[in-house]
Amino acid sequence: MTNFYDLCLRNTSDKMKEFAEELGWSKTNCEFTTVFLEADDWGELKRKIGDKREDADVLVFKGGDEELNRKAVSDTRVDILLHPEHGRKDSGIDHVVAEEAAENKVAIGFDLQQLVTGSKQKSHILKHWRRNLKLCEKYGTPYVITTGASDRYELRAPRDLKSIIDSLGHKGSKAVSKHPKNILERAKKAKDGGVVRPGVEVEEG
């Protein structure tokens, strides 16, 4: 039986956990702690990584800035670089970033909430996703996709997210099962006794 994992819900509760399970998710960050980091420069991001790594089961940098995208994947303490294309005219990563992310086992995160927008911008984002997925596959970079849900109405079934990645010509099962599972297994090994704390935390810039 395949297990499915959404690591980056924006809101967590017993109700969200229940709804997610009904849709087919095996585990979400209603059951472990995902910390989202935002920063304006590398000094700030580096400090926040140091401050929050111990508290986080999954440490996520919300990307977009070209330099910080690159810096985030250079740090092995970061688990996911989320939506590196955010607010950009390009896809947010290139072959250098993809190679470094692969080396450091930092996953590139695709956020469904990026697509909840007008059709023109949606087409723009899907173009970037296609490029980033191609780079990930070429260099062996892990990648994950999240609903990014803040409430039950934004939740989607894992098969829906898998189908988006499949439609872009890549293996959606990796994004909702294999790669997120690897991140959680790494987190468990890093924790004394494998104890995880449920919830979500945002460190804003």
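Here, residues in each chain are numbered from 1, in the same order as that chain's written sequence. Under the rules for a predicted model, residues below a pLDDT of 70 receive no local features and side-chain atom pairs below 80 are neither given nor counted, while totals for whole chains, interfaces and linings still include all residues. The basis for the side-chain values is all heavy atoms of the structure; hydrogens and waters are excluded.

Focus on the pattern of salt bridges
- In the sections that follow, a salt bridge refers to a side-chain nitrogen of Lys or Arg positioned within 4 Å of a carboxyl oxygen of Asp or Glu. With the rule as written, the count across this model stands at 13 salt bridges.
- Between Glu44 and Lys48 there is a salt bridge; the shortest N-O distance is 3.2 Å. With Glu44 and Lys48 both in helix α2 (residues 42-52) and four residues apart, this pair spans about one turn of that helix.
- With a relative accessible area of 3%, Lys48 lands in the buried category.
- The shortest N-O distance in the salt bridge between Asp79 and Arg186 comes to 3.3 Å. Of this pair, Asp79 sits in the loop between α3 (66-73) and β5 (80-82) while Arg186 sits in helix α7 (residues 172-190); the two residues are 107 residues apart in sequence, bridging distant segments of the chain.
- Burial classes follow relative accessibility: with a 1.4 Å probe on protein chains only, a residue under 20% of its type's maximum area counts as buried, one over 50% as exposed, and anything between as partly exposed. Classification of Arg186 as partly exposed rests on a relative accessible area of 30%.
- A single salt-bridge network, built from bridges that share partners, covers Arg53, Asp79 and Arg186. A run of H or I in DSSP counts as a helix once it spans at least four residues, and a run of E counts as a strand once it spans at least two, with each numbered from the N terminus.

Side note on a negative patch on the surface
- Each patch is assembled from residues with relative accessible area greater than 30% and no salt bridge, linking like charges that lie within 9 Å and nonpolar side chains (Val, Leu, Ile, Met, Phe, Trp, Tyr) that lie within 5 Å. Only the protein chains shown count as cover for residues, with accessible areas throughout obtained via the Shrake-Rupley method and a probe of 1.4 Å. Counted charges follow a simple rule, with Lys and Arg positive, Asp and Glu negative, and His plus the chain ends left uncounted. Note on charges: their place is set at NZ of Lys, CZ of Arg, CG of Asp or CD of Glu. A cluster of like negative charges, contributed by Asp40, Asp41, Asp65 and Glu67, occupies part of the molecular surface.
- Counting through the fold element by element, Asp40 comes out in the loop between β3 (33-37) and α2.
- Assessed through its relative accessible area of 63%, Asp40 is described here as exposed.

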